[in-house]
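# Architecture at a glance
Letter by letter, the chains look like this.
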Amino acid sequence: MIVVGVDAGGTSTRALAWDDTVRVVVGVGRSGPGNPNSTGHDLARQNVLRAVLDAVGDRADEVTRLAVTMAGGSATGGALDGLAAAAAAAGLACPIDIEPDLLGAWFSGCSEEQGVVLIAGTGAVAATIVGGRINRLVDGAGWLLGDDGAGFWIGRRAVHDVLAAIDGRGPDTALTDLVLARTPQLASHRDRPGDPRRVALIEHCYGLRPVQLAGFAPLVVQSVGDPVADRILADAADLIESTARAALVGVHESSPVVLAGSVAGLDSVIRDRLVSLLGDRARLASDGVVGATMVALRAAGRPADEATRVAMGVPPERVQGQP
């Protein structure tokens, strides 16, 4: 009996095939972006299927369940257009589940039935888990309306504070040189009033997709010790802690809290604040594709205990497909 979990990301997709009869990893497949929210349904479907077939090799007809986890998975209506038909044509005649990456993150960090999962990366969202399912969401409202304290929030704040430093509304900061080093200098600035650095930075940022401002966030961590950078990180920590506290309301004090995402994992005041709040309840998410495979195993009605999760987390040396 083989189940397959897929971690479909905005830049890459991975699949893990697990043989629950002999309890071993069959294979791991890799492909390009698999999230239809960022890449469209056609390309996402192709990449998900490619990763799955890479993972299962010539054993496609033995797959009994396939689970795909992705950011915003619930927003797709529980489907990836055409995936079932394409999978069946490739010999994968099995039920397919599309789930949010929150669920994959939860089961990558633990195998328990209830608690809280918090993802703080480019965006920020927390969820309570009841009976192994998402019960309640906190934040996750996107860059325009929420994702407080996450990578986009930090990156936007960095650019804001650099602009304030350039035009005298705010204090000087070490972030200025770092941010401007990533800003193309355009010849057209010579004919415009004001500091050319300011013009260049504004034009550059408005030429990006909003979420790409998250790319400036690592510069803030790099500048720890600078008062402006320290204030940004402290404010981000306040916001993420607030999200975590809201999610913890009504959750038993012994229930685990799984932390995932690049911001939650940073060696910074943000992680320190979360660890201080959560104590030994905190668990770090491991590999999203392991969590997705645990979701597939549970959907197939098979036990998905801690020993299984740990066993899935050690992929075989044989990795098929191309990164």
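Scroll up for the structure.
Our subject in this report is the structure included herewith.

Analysis parameters
Residues numbered from 1 in each chain as written. Predicted model: local features only at pLDDT ≥ 70, side-chain atom pairs only at ≥ 80, totals over all residues. Heavy atoms only, no water. Buried < 20%, exposed > 50% of the residue type's maximum accessible area, 1.4 Å probe, protein only. Helix = DSSP H or I, 4+ residues; strand = E, 2+ residues; numbered from the N terminus. Pairing = 2+ DSSP bridges. 1 Å grid on protein atoms, 1.4 Å probe; cavity = no way out; pocket = protein on both sides within 12 Å on 5 of 7 lines; lining within 4 Å. Points joined across faces, edges and corners; volume = space filled by probe spheres on them.

## Here we look at the pairing of strand β3 (residues 24-31)
- Counting buried residues in β3 gives 6 out of 8 residues, a clear majority hidden from the surface.
- When strand β2 (residues 13-19) meets β3, the two strands line up antiparallel, connected through 7 bridges. Pairing of Trp18 across the sheet is with Val25, part of β3.
- Turn length for the β2-β3 hairpin, with the two strands adjacent in sequence and antiparallel, is 4 residues, and the turn residue Arg23 shows positive phi of about 60°.

## Here's the deal with the layout of surface pockets
- Of the voids in this model, the largest pocket is the one considered here, and its volume is about 1600 Å³.
- Around the largest pocket sit 44 residues that line it, and Asn35, Ala71, Gly72, Asp101 and Gly123 are the ones nearest its centre.
- Only β1 (2-8), α1 (36-39), β4 (63-70), α4 (101-109), β7 (124-130), β8 (133-139), α5 (142-145) and β9 (257-260) provide two or more residues apiece to the lining of the largest pocket.
- With 5 residues, the top contributor of residues to the lining of the largest pocket is α4.
- Looking at the second largest pocket, its volume works out to about 330 Å³.
- Every residue lining the second largest pocket is counted, 13 residues in all, and those nearest its centre are Arg156, Val159, Cys205, Tyr206 and Leu213.
- Secondary-structure elements contributing two or more residues to the lining of the second largest pocket are α6 (151-166) and α8 (196-206).

That is the geometry; function is a separate question.
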